[in-house]
Amino acid sequence: MLHVTVRVLIVIFVPAVQATHPTGHLEKLGSHQASEGHVDVLDGAAGFPHPVDFYRRYVERQRPVVIRQAVASIPALQKWTDKFLEEEYGDVEIGIETLKKEDRNNPGELIPLQEFLQRYKKEDIYMVDSLPQAMHKDWMIPHFLLCGGYTDNLSTIYSWLSSGGTSSVLHVDQYENFHCVVNGYKAFIIIDRQYLERIGMDNKERGYYEMDVDRVDLEKYRGLVGVPWYEATVHRGDCLYLPYSWLHQVRSYPAEEQKNMGVNLWWHPFKFNETDCEVRDIPQYASVDQFTPRPALVVRSMLRETARKDGYVYFTDFHDMIQKRVSLPEEAARQVGNACIATVDMSVVQSVYMPSVRLDSLR
C-alpha cells in the first residue's frame, strides 16, 4: 500500500510595526499641541491700570500680559525712521548677529549703526544690543511702571532691529521683561517656568535649549510632550510683560518698510513699595533717560548662580561662566569677569590673586 505524507506550510503574515513619534515631532515649536490661547490683553488706549493694580494682578502673580498701545504715542515711534537713526546716531557702534536664526555659538560683530542700516535689508543680520545711551531720551516708560521700585531696579535696556524673519532659541531670562514693538510685530511662544526642568534644558549655564525650533526632536525633548503653552502677539506700540524665568521663543515679522524693531526693559525682581505709589504724582510717561540702569544687579544675579554651597563665589567659576556665555578666550574672559565684579564692589578685584569672596560680603 502506498502511503503519501502531505505537509502543509502555514505562513502567518505579521504587519510591520511602525515606530510612532509624538505629535509635532520634527515640526515647529508649538506643534506638539494646541495653544492654551493668547495671554491676557489690556487696552492701553482706553487708559492705563493703576501701578498698584498692575503689580497685584500681573507682576505679583507672575502672569504675562500684553498692553495694547502702551507706547504708541512716545517720541521713538514717531522719530525712529532709518533716515533719522542714520543721521542722528550713525556713528554709534552697535552689536549685530550674523544669522537671523539665533545660534548662541555664532560670534557677533561690532559695526557702526550707519553701516548696519545700509546692510540689514539685504543680508542675514540683525541688531541686538543695549539701547545706545544717546537714544534714551526718546524712549518712555509708561505710567504703571513709574513707582513702587521698577525704575530703581532697572538693569538693562535692550534694542532689536532687523528686516524681520528672525527666530530666537527657546530660552529664559533671569529678569522681569517688558518688551515693546516699534515696527512690525512679534509672535511669542510662552511656557510657564514650572516646566523648565521637565523639558530638560541642555544648556543651563546660558539659559537656553539647543533644540531646533523649526524642527523639534520630540524623541530627544520628550519632556515637552503635554506641556501647555501660550501665545502672545505684540504689534507696533504694544508691550508684553513677561515674568522672569518664563520660557519663551520669539519670531519677528516686518512692517511694510521691511523693518522690525523692539525695545525691552529688564529689571530684577524686587519687593514692591505700594506707599511710593501713594505719596507722589505719577506722570503718564517718563523718559528712560531719567533713570540709570544698574548693571551691578545683573552681575549680582550671575554671581548668585555660581556661588557654591559654602557661600563663596570662586572667581574661576565666574570667569568660566563669562567665557561660555560670550565665547571669549580665557584671558579676555578673566578681564571681563573682573570688570563685571567691579561694578558690584571694586575692592574685591584689587588683587588678581584673590581666589574667592563670600557672596554676602559684596556691597
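One structure accompanies this document, and this report is about it. All figures in this text were calculated on a predicted structure; none of them were measured in a lab.

**Focus on the nonpolar core**
Ranked by size, the top nonpolar core spans 57 residues in total, and within it Phe54, Trp80, Phe116, Trp139, Tyr150 and Phe178 carry the most contacts. Of the residues forming this core, the biggest block, five residues, is contributed by helix α1 (residues 51-59). Excluding anything up to four places from it in sequence, Phe116 contacts Ile94, Ile96, Ile111, Ile125, Tyr126, Met127 and Leu161. The next biggest cluster of nonpolar side chains, apart from the first, holds 19 residues, and it includes Val216, Leu224, Val227 and Trp229.

**Digging into the pairing of strand β9 (residues 185-191)**
For β9, the tally of buried residues reaches five of seven residues, placing the bulk of the element in the interior. Alignment of β9 against strand β12 (residues 247-253), held across seven bridges, turns out to be antiparallel. Bridge pairing in β12 links Ile189 to Gln249.

**Details of the environment of Phe178**
Examined against the element boundaries, Phe178 turns out to sit in strand β8 (residues 176-183). For Phe178, a relative accessible area of 1% corresponds to the buried category. Non-local contacts of Phe178, meaning those with residues more than four positions away in its chain, are made with Ile67, Pro142, Phe144, Leu145, Cys239, Leu240, Tyr241, Val263, Asn264, Leu265 and Trp267.

**A word on the packing of aromatic side chains**
A complete count under the given rule lists 19 aromatic pairs for this structure. Centroid distance Tyr241 to Trp267: 6.3 Å. Interplanar angle 10°. Geometry classified as stacked. Highlighted residues: Tyr241 in strand β11 (residues 239-242) and Trp267 in strand β13 (residues 260-267), separated in sequence by 26 residues. This pair shows no difference in class: Tyr241 is buried, exactly as Trp267 is. Here the aromatic residues Phe48, Phe54, Tyr55, Tyr58, Phe144, Tyr150, Phe178, Tyr241, Trp267, Phe270, Phe272 and Tyr285 are joined through ring pairs into a cluster of three or more. Taking NZ or CZ as reference, Arg193 lies 4.5 Å from the ring centre of Tyr244, over its face.

What counts and how
- Residues numbered from 1 in each chain as written.
- Predicted model: local features only at pLDDT ≥ 70, side-chain atom pairs only at ≥ 80, totals over all residues.
- Heavy atoms only, no water.
- Core = buried A, V, L, I, M, F, W, Y, C linked by side-chain atoms within 4.5 Å.
- Buried < 20%, exposed > 50% of the residue type's maximum accessible area, 1.4 Å probe, protein only.
- Helix = DSSP H or I, 4+ residues; strand = E, 2+ residues; numbered from the N terminus.
- Contact = heavy atoms within 4.5 Å.
- Pairing = 2+ DSSP bridges.
- Phe/Tyr/Trp six-rings, centres within 6.5 Å; stacked < 30°, edge-to-face > 60°.
- Lys NZ or Arg CZ within 6 Å of the ring centre and 35° of its normal.

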